[in-house]
Each structure stands twice: as structure tokens, then as C-alpha cells.
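# Commentary on secondary and tertiary structure
Chain by chain, the residues run as shown.
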Number of protein chains: 2
Amino acid sequence: MTTQTTADLLRLHKLRPTRQRVALAALLFDGAPRHVTAETLHGQVKDMGITLSLATIYNTLHQFTKVGLLKEIKGIGDATWFDTNIDQHHHFFDITNDHLIDIPASSITISNLPDSPEGKVIEGIDVIVRLSDKHYSE
Amino acid sequence: MTTQTTADLLRLHKLRPTRQRVALAALLFDGAPRHVTAETLHGQVKDMGITLSLATIYNTLHQFTKVGLLKEIKGIGDATWFDTNIDQHHHFFDITNDHLIDIPASSITISNLPDSPEGKVIEGIDVIVRLSDKHYSE
DNA sequence: CAATTAATTTAAAACCATTCTAAACTACTT
DNA sequence: AAGTAGTTTAGAATGGTTTTAAATTAATTG
Ligand SMILES: [Mn+2]
Ligand SMILES: [Mn+2]
Ligand SMILES: [Zn+2]
Ligand SMILES: [Zn+2]
């Protein structure tokens, strides 16, 4: 029987299971894939009746990222996103409602890429497929 | 014989050839492909001995984008980039020096993309290939 | 279980890219 | 030359994020 799973997860990553971190981890790592920004996550914990500062949200998201529990995604919309899917993958980004949907890395093939400049190596490849509403004219 | 080419280019796009716009257009549309941010461009005009406000740089970059002389690229580094290459294309982004290099759209093939959600249509696909320095260990 | 120590949280200020405001200026028209 | 509409600008404002330093809390030790 597993007790205190969330606290254990945190301790496993050398993070003290504070009230704030336990609340955020419980929310983030409930099994469903999640894409959050500091602001969306702040709103979600507030809805659960928990109050914690935005600074702590930022601290915690960065700490979770550092220990490999989250992946940081920059360049989508105006804010930085954090992703519970830490596998290499890509995204649909629905620009009408700022919603992200995962695309498995295996769904995308990149061929004929030019050679990298001398002395440079590919660090990663980010693909964002922007979605908008289909409009039915005529 | 073509005279006043830069001013003509601006008039062609219904933009008054002001001192500021002429200086920026001359710098940007000299034939070489350019990737600039408001700050890098501001630095470049300053180096030419021309003083103009950052607000004007922003205004002008957006105006040039609106008339199709530039393309806006968000999500690379912390700032918004503007690109004189207005064709659909992708980028290498060298994270060690914030440098962008074009990748022609024809160099990238995307296959097996999942279906777009109901009622949504693909607006565009952005591919960023992050580059870092090759490190020679052992 | 104190008491001590070290990590964490927080409000508030600072930061930085960008946008806004509204007053001064300039290009174009008449 | 005058009028007017478009443009530039300094400076204020904005919004996401980071920093600061003081208060709080978790872990450790006796
Ligand atoms: Mn892990
Ligand atoms: Mn054009
Ligand atoms: Zn994802
Ligand atoms: Zn480009």
C-alpha cells in the first residue's frame, strides 16, 4: 500500500514536501497530461481553495523542471508553459483559446535538413502546429 | 534609371518616406537576408550615427510587417524577431549567440501528423532547430 | 520534545520587452 | 504659405517573470 505518494515523489527528488509543493504536485501529477502556465496553475490552485503566492508557483515550476518532473516550453503564446509530458514531443497550439495538444515525436519526420554550421550540434527540434477555427464561407 | 529606391519602396506600400523609415528600410532591405529584433536594429542604426526612438523602431517593424515587407517570428529567445525573408520557411536557432539561420520550407517534410481537432484548421507550422556548440570530450 | 539550522515562502520591488499616451513635429495637399 | 493628417517621441504603463530580504516552516540534533 502506497501512502503519502505525493510527498514521497517530492522527497525522491530531494524536495521538501511543503504544503505548497504537495498541493502543486498533487494537482500536476494526477496522471492526466497537463500544460500549464504560472497563471493558469495559480488559478487552478485558487479554485481548490488553496492560496499560495505567484512567486512560489514560479519557484516550484522551475524546481520541478530542474529535477525532471516537468518540461519547460517557451515560445508559445506570451507566457512560459510547463508540460507534464517530459518525453520529446511536439504540439498543436490552438490560437483561439491558447490550448496545447501533444503530438508524439514519432508523428513527425524531418528530412533533408541542411547541415548544421561547423562546430554546432542539434540540441533539439521544436515543432508547433498552429490551429485556428475553420470558417465556413459560401 | 532608378532614383530614390528606398523612398519609392515605402510609397509603394503607402508609407510616407520619413527620415526614420527610409533609414530603417535602407538598412533592412539591402538584399541580404536579415533577422532583427527591435533592440538589435536599434543598435545597428545607432552605429550608423542615426538616432531614433525605440517606439519608432517598434512602430516601423510592425508597419513593415503589415504591408508584407517583413515577417514576424515569435517564440525565439526572449524577444520578437523580424525577418526579411517573407517566404514560408523554418530556422536554426543558435542558442549560444542568439543567431538565426534560414531553413527552406522544402527542406522539411512532416508526415503522419494527427488529425486536427474537429472544426480546427492548420494555420501554419513552425519548426525551430536549436543549435549549441559541439563539445569535444575525450 | 525543545532548540537550532537550513530551506522555503512571501509581499513587494525590480526587471525587461513591449505598448500606450498625448504632445511635438513633419510630410503631403491645397 | 496654411491646413491637416500622419508620424515621431519621451515617458508612463503593462504584463510576465525574477529578485530581495524578511517571516515562516521543515528537518535535524540533543
Ligand atoms: Mn524524475
Ligand atoms: Mn510587398
Ligand atoms: Zn506537451
Ligand atoms: Zn528567416
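Scroll up a little and you will see the structure.
None of these values were measured; they are calculated from a predicted model.

What counts, and where the lines are drawn
- Residues numbered from 1 in each chain as written.
- Chains lettered and ligands numbered in written order.
- Predicted model: local features only at pLDDT ≥ 70, side-chain atom pairs only at ≥ 80, totals over all residues.
- Heavy atoms only, no water.
- 1 Å grid on protein atoms, 1.4 Å probe; cavity = no way out; pocket = protein on both sides within 12 Å on 5 of 7 lines; lining within 4 Å.
- Points joined across faces, edges and corners; volume = space filled by probe spheres on them.
- Helix = DSSP H or I, 4+ residues; strand = E, 2+ residues; numbered from the N terminus.
- Nonpolar A, V, L, I, M, F, W, Y, C, P; charged D, E, K, R; others polar.
- Near = heavy atom within 4 Å.
- Polar contact = N/O pair within 3.5 Å; in protein donor to acceptor, adjacent residues only side chain to side chain.
- Contact = heavy atoms within 4.5 Å.
- Buried area = accessible area lost by both parts, 1.4 Å probe.
- Salt bridge = Lys/Arg side-chain N within 4 Å of Asp/Glu carboxyl O.
- Pairing = 2+ DSSP bridges.
- Axes fitted to C-alpha atoms, helices over the stretch in contact; angles between N-to-C directions.
- Phe/Tyr/Trp six-rings, centres within 6.5 Å; stacked < 30°, edge-to-face > 60°.
- Buried < 20%, exposed > 50% of the residue type's maximum accessible area, 1.4 Å probe, protein only.
- Least-squares fit on C-alpha atoms with pLDDT ≥ 70 in both.

Before going further, it helps to spend a moment on the layout of surface pockets. As a volume, the largest pocket reaches approximately 1300 Å³. Contributing to the lining of the largest pocket are 44 residues, with Lys74(A), Gly75(A), Ile128(A), Lys74(B) and Gly75(B) lying nearest its centre. Only β2 (71-73), β4 (89-94) and β6 (120-133) of chain A together with β2 (71-73), β4 (89-94) and β6 (120-133) of chain B provide two or more residues apiece to the lining of the largest pocket. Top element by residues in the lining of the largest pocket is β6(B). It accounts for 7 residues. For the second largest pocket, the calculated volume is near 160 Å³. Lining the second largest pocket are Pro33(A), Arg34(A), His35(A), Val36(A), Thr40(A), Gln44(A), Trp81(A), Asp98(A), His99(A) and Leu100(A). Of all the elements in the fold, those that place two or more residues in the lining of the second largest pocket are β1 (35-37), α3 (38-47) and β5 (99-104) of chain A. Looking at the lining of the second largest pocket residue by residue, the class counts come to 4 nonpolar, 4 polar and 2 charged.

Now for the protein's contact with DNA strand C. Taken together, 18 residues are adjacent to DNA strand C, and Thr18(A), Arg21(A), Thr56(A), Tyr58(B) and Thr80(B) come closest. Within 4 Å of the protein, atoms of DNA strand C come from sugar and phosphate in 84% of cases. A distance of 2.4 Å is found between a phosphate oxygen of DNA strand C and a side-chain nitrogen or oxygen belonging to Thr18(A). The side chain of Tyr58(B) places a nitrogen or oxygen atom 2.5 Å from a phosphate oxygen of DNA strand C. When contributions to the surface near DNA strand C are tallied by element, the ones reaching two or more residues are α2 (19-28) and α4 (54-66) of chain A together with α4 (54-66) of chain B. Counted by class, the surface near DNA strand C contains 6 nonpolar, 7 polar and 5 charged residues.

Here we come to the interface of chain A and chain B. Taken together, the contacts link 37 residues of chain A with 37 residues of chain B. Both faces combined, the contact of chain A with chain B buries some 3200 Å², and carbon together with sulfur accounts for 52% of it. When the buried area of chain A at its contact with chain B is split by residue, Lys120(A), Asp126(A) and Arg130(A) rank highest and sum to 19% of it. Here chain A and chain B share 7 salt bridges between them. Across the pair Asp94(A) and Lys120(B) runs a salt bridge, and its minimum N-O distance is 2.8 Å. At the junction of chain A and chain B, the tally comes to 22 residue pairs in polar contact (both at pLDDT 80 or more). Residue assignment for the side of chain A that touches chain B shows that the elements contributing at least two residues are β4, β5 and β6 of chain A. Here the residues of the side of chain A that touches chain B are counted per class, giving 17 nonpolar, 10 polar and 10 charged.

Another aspect to go through is the sheet that holds β1(A). Residue and element names in this part refer to chain A. What the 3 strands build is an open sheet, ordered β1-β3-β2; its pairing is antiparallel. Two strands close off the open sheet at either side, each with one partner strand: β1 and β2. Direction aside, neighbouring strands of the sheet carry axes that sit 35° apart on average. As paired strands, β2 and strand β3 (residues 81-83) are joined by 3 bridges and run antiparallel to one another. The residue bridging Lys 71 from the neighbouring strand is Asp 83, located in β3.

Right, let's talk about the packing of aromatic side chains for a bit. Residues and elements named next belong to chain A. Throughout the structure, instances matching the rule amount to 2 aromatic pairs over all chains. Taking the centre distance of 5.6 Å and the plane angle of 45° together, the rings of Phe 29 and Phe 64 count as tilted. A residue pair is termed long-range when its members are at least 10 positions apart, and Phe 29 in the loop between α2 and β1 and Phe 64 in helix α4 qualify at 35 residues. Assessed through its relative accessible area of 26%, Phe 29 is described here as partly exposed.

Another point: the protein's contact with DNA strand D. Near DNA strand D, the surroundings consist of 17 residues, among which Tyr58(A), Thr80(A), Thr18(B), Arg21(B) and Thr56(B) are the closest. Sugar and phosphate atoms form 88% of the subset of DNA strand D atoms that lie within 4 Å of the protein. Interatomic distance of 2.6 Å between a backbone N/O atom of Thr80(A) and a phosphate oxygen of DNA strand D. At 2.5 Å, a side-chain N or O of Thr56(B) approaches a phosphate oxygen of DNA strand D.

All right, on to the relation of the copies chain A and chain B then. Screw-axis analysis of chain A against chain B gives a translation of 0.0 Å along the axis, an RMSD of 0.1 Å, and a rotation angle of 179°. With respect to symmetry, the two chain copies, as superposed, fit the operation of a two-fold axis. Of the C-alpha atoms belonging to chain A, the one lying closest to the rotation axis is found on Gly75(A), 1.6 Å away. Of the residues that chain A buries at the interface, 100% are likewise interface residues in chain B, meaning the two copies contact each other through the same surface.

The analysis is restricted to geometry; functional conclusions fall outside its scope.
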